[in-house]
Amino acid sequence: MELRFSPLFSGSSGNAVYVAGPGCEILIDAGVSCSRIADEMRTIGADPKNISAILITHEHIDHIRGAGIFARKYGAPIYATAGTWEAMRQRIGEIPAEFVRVIDRERDFFLGKMNVQPFETPHDAAESAGYVLSIPGGARFAVATDIGCVKSGWLNAVSGAAAVLLESNYDPGKLRAGK
């Protein structure tokens, strides 16, 4: 079995990562429009209709912009921590109750045969999370966004992953000093 991933968008203008494993295809974040995500997925040979879940790292617009529309259009549930749900609920539009999945950063869960292990990330968000995805046979992939500093918690969580996608464009000191 293999774990396939493709960063679709990364940066302050929007984030989305496609991941496919046995029995499921997911998005991590949907920070650009639904149509842009769908178009980019098609360029890598993926069908947006096959997305079985959207994992949200945190509520900032460059991570959620297309999440609500994508969920409603393609029937994909959105997974996020309670704090992130509270902070993003008004910004993503009405989400049917059956598409709302509240997760705990301390508990892993399965999507298909893929184990999803959320972990805490340091960011100025309500309750941000990164994710380690693993499949039977040992393949592990990790995503952590808006990382501005090294902390043992998230570093330990991603340790041992075959690939780690880090987006590290967050620096609280530079934010305080600049505009």
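Scroll up a little and you will see the structure.
In this report, we go over the structure that sits alongside the text. (Residues numbered from 1 in each chain as written. Predicted model: local features only at pLDDT ≥ 70, side-chain atom pairs only at ≥ 80, totals over all residues. Heavy atoms only, no water.)

**Thoughts on the sheet that holds strand S7 (residues 109-111)**
What links the strands of a sheet is backbone hydrogen bonding, and the strands pair in either a parallel or an antiparallel sense.
Then step 1. Read across the sheet, five strands follow the order S7-S8-S9-S10-S11 without closing on themselves; strand pairing throughout is mixed. The sheet is open, and its two edges are formed by S7 and strand S11 (163-166), each paired on a single side. On average, each strand axis in the sheet is tilted by 25° relative to the strand beside it, whichever way the strands run.
Then step 2. Sheet topology places strand S8 (residues 114-120) next to strand S9 (residues 129-134); six bridges connect them, and they run antiparallel. Bridge pairing in S9 links Pro118 to Tyr131. (Pairing = 2+ DSSP bridges. Helix = DSSP H or I, 4+ residues; strand = E, 2+ residues; numbered from the N terminus. Axes fitted to C-alpha atoms, helices over the stretch in contact; angles between N-to-C directions.)

**Quick word on the side chain of Thr84**
Then step 1. Relative to the elements of secondary structure, Thr84 occurs in helix H4 (residues 82-88).
Then step 2. For Thr84, a relative accessible area of 0% corresponds to the buried category.
Then step 3. Within the local environment of Thr84, its side chain forms a polar contact with the side chain of Thr81, the two groups lying 2.9 Å apart.
Then step 4. The residues touching Thr84, leaving out its near neighbours within four places in the chain, are Ile56, Thr57, His58, Glu59, Ala126, Glu127 and Ser128. (Buried < 20%, exposed > 50% of the residue type's maximum accessible area, 1.4 Å probe, protein only. Polar contact = N/O pair within 3.5 Å; in protein donor to acceptor, adjacent residues only side chain to side chain. Contact = heavy atoms within 4.5 Å.)

**A few points about unusual backbone geometry**
A negative phi angle is the norm for most residues apart from glycine, just as the trans form is the norm for most peptide bonds.
Then step 1. Positive phi, normally seen in glycine, also occurs at Asp29, with a value near 70°.
Then step 2. Mapped onto the secondary structure, Asp29 falls in the loop between strand S3 (24-28) and helix H1 (34-43).
Then step 3. What makes Asp29 buried here is its relative accessible area of 1%.
Then step 4. With a phi angle near 55°, Asp146 is a residue other than glycine that sits in the positive phi range.
Then step 5. On the secondary structure map, Asp146 appears in the loop between strand S10 (140-144) and helix H5 (152-158).

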